[in-house]
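Structural overview
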Protein chains: 2
Amino acid sequence: MRIGELAERAGVSVRSLRYYEEQGLLTSTRSASGQRHYTDYEVERVTFIQRLYAAGLSSRTITELLPCVDSPSEEHSDAALERMGQERDRLTAHIADLAQTRDALDGLMTSARAYRDQLQAATSP
Amino acid sequence: MRIGELAERAGVSVRSLRYYEEQGLLTSTRSASGQRHYTDYEVERVTFIQRLYAAGLSSRTITELLPCVDSPSEEHSDAALERMGQERDRLTAHIADLAQTRDALDGLMTSARAYRDQLQAATSP
DNA sequence: CTTGCCTCTGACGTCAATGTCAGGTTTTAG
DNA sequence: CTAAAACCTGACATTGACGTCAGAGGCAAG
């Protein structure tokens, strides 16, 4: 498939796909005229890249980790493994932090709602 | 306290505090010479602002929600309540997404580690 | 008084992922 | 064949939360 179709199927912009290639996150075969061509496999790959981006990883970090994703059965450096561990731990901490923030929001909403309902009960008897 | 102390106690840069004020997230009393002064209360406030930033809220959104934080006992617009609900839901979804990503990383690490150990067992009998 | 540190305003720099535009080539549909 | 749509490269623009620097003033200690 060409770049437009991949973009639509993966739900990203064409521009982003070219950027990913520029960053070494994505490769493409080129037709004689120079157009990029992709296989179905790339759809998953792009969505996984997006997932890592959403998790706060940088292009550089993703570049370091993607080889492990491509061929999890080959030998990879312990450094890469350690890096994945670091990111996993960072994610865990971040998730806990977000959950705490969400709970804080919940608390605020609950008290605000209670106050509003109390007001309403007092003014419309 | 002055801005430097607040920055240190809240763990942010002086620059950030001035930026928060510029965005309407933080207020300060000014001495005759124009220096900003803060109370202990501002420490909590700044850390909470940081928390919201970390949760992906923008300055604009935080500006809309902070009045509810300041005085949860007063009446606030239903719009603000709805906004908080939206952000809460967005956070919930984001947390789930991150957890999924973390699990994916875990899976990759596990298989990579297993492969490595298998290799090692084969080469050092 | 002066030395050193803190603060002020204002403005420009940064970074990363993308948007956007220009000018040209390729592919597809009719 | 021709027009529309998709693609190419290359470059500049954008956004948000800051960093950083310049030039000037404030404030406690020796």
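This structure is a prediction, so every number in the text was calculated from the model and none was measured. (Residues numbered from 1 in each chain as written. Chains lettered and ligands numbered in written order. Predicted model: local features only at pLDDT ≥ 70, side-chain atom pairs only at ≥ 80, totals over all residues. Heavy atoms only, no water.)

**Details of the packing of aromatic side chains**
Condition: When the centres of two rings from Phe, Tyr and Trp lie within 6.5 Å, Trp using its six-membered ring, the rings pair. Their planes under 30 degrees apart give stacked, over 60 give edge-to-face, and anything left gives tilted.
All told, the structure shown has four aromatic pairs over all chains when counted by the stated rule. In this structure an aromatic cluster arises from ring pairing among Tyr19, Tyr20 and Tyr53 of chain A.

**What about the protein's contact with DNA strand C?**
Note the following rule: What makes a residue near a molecule or strand is one non-hydrogen atom of that residue sitting within 4 Å of it. We define a polar contact as two N or O atoms separated by no more than 3.5 Å, with the added condition that, inside protein, one atom must be a possible hydrogen donor and the other a possible acceptor, whereas residues neighbouring each other in sequence contribute only through side-chain atom pairs. Helix and strand assignments follow DSSP, with helices taken as H or I runs no shorter than four residues and strands as E runs no shorter than two, numbered in order from the N terminus. When residue character is reported, Ala, Val, Leu, Ile, Met, Phe, Trp, Tyr, Cys and Pro are called nonpolar, Asp, Glu, Lys and Arg charged, and the others, Gly included, polar.
Of all residues adjacent to DNA strand C, which total 20 residues, the nearest are Ser13 and Tyr19 of chain A together with Gly4, Arg18 and Arg36 of chain B. Expressed as a percentage, the sugar and phosphate content of the atoms of DNA strand C within 4 Å of the protein is 80%. With respect to DNA strand C, the side chain of Ser13 of chain A contributes an N or O atom lying 2.6 Å from a phosphate oxygen. Separating a base oxygen of DNA strand C from a side-chain N or O atom of Arg15 of chain A is a distance of 3.2 Å. Elements represented by at least two residues in the surface near DNA strand C include exactly helix H2 (14-22) and helix H3 (41-54) of chain A together with helix H1 (3-10) of chain B. The leading source of residues in the surface near DNA strand C is H2 of chain A, at four residues. The residue inventory of the surface near DNA strand C, partitioned by class, reads four nonpolar, 10 polar and six charged.

**Considerations on the pattern of salt bridges**
All names here are of chain A. For clarity, the threshold we go by: Between Lys or Arg on one side and Asp or Glu on the other, a salt bridge is scored when a side-chain nitrogen of the former is within 4 Å of a carboxyl oxygen of the latter.
Per the counting criterion, the structure on display carries 24 salt bridges over all chains. Residues Arg9 and Glu5 are paired through a salt bridge, measuring 3.4 Å at the closest nitrogen-oxygen approach. Here the residue Arg9 and the residue Glu5 both occupy positions in helix H1 (residues 3-10), the gap between them amounting to four residues, near one helical turn. Between Arg90 and Glu87 there is a salt bridge, and its shortest N-O distance comes to 2.9 Å. Of this pair, Arg90 and Glu87 both sit in helix H5 (residues 78-123), separated by three residues, roughly a single helical turn.

**Some remarks on the domain arrangement of chain A**
All names here are of chain A. Applied cut-off: The domain boundaries here were taken from an automatic or database domain assignment. Any two residues whose heavy atoms approach within 4.5 Å at even a single point are treated as in contact. Two parts placed together each lose some accessible area; with a 1.4 Å probe, that loss summed over both constitutes the buried area.
For chain A, the assigned domains read domain 1 (1-74) and domain 2 (77-125). For domain 1 and domain 2, the distance between their C-alpha centroids amounts to 32 Å. Taken together, the seven residues of domain 1 in the interface contact six residues of domain 2. For the domain 1 and domain 2 pair, buried surface summed over both sides reaches about 580 Å², with 65% attributable to carbon and sulfur atoms. Linking domain 1 with domain 2 are one salt bridge, by the criterion used here. For the pair domain 1 and domain 2, the interface holds three residue pairs in polar contact (both at pLDDT 80 or more).

**Thoughts on the protein's contact with DNA strand D**
In the vicinity of DNA strand D, 18 residues are found, and the nearest of them are Gly4, Arg18 and Arg36 of chain A together with Ser13 and Ser16 of chain B. When atoms of DNA strand D within 4 Å of the protein are split into backbone and base, the sugar-phosphate part holds 76%. Between DNA strand D and the protein, one listed contact pairs a phosphate oxygen with a backbone N or O atom of Gly4 of chain A at 2.7 Å. Here a phosphate oxygen of DNA strand D sits 3.1 Å away from a polar atom, N or O, in the side chain of Arg30 of chain A. Elements with a minimum of two residues in the surface near DNA strand D: H1 and H2 of chain A together with helix H2 (14-22) of chain B. The element that contributes the greatest number of residues to the surface near DNA strand D is H2 of chain B, accounting for four residues. Its residues assigned to classes, the surface near DNA strand D comprises four nonpolar, eight polar and six charged.

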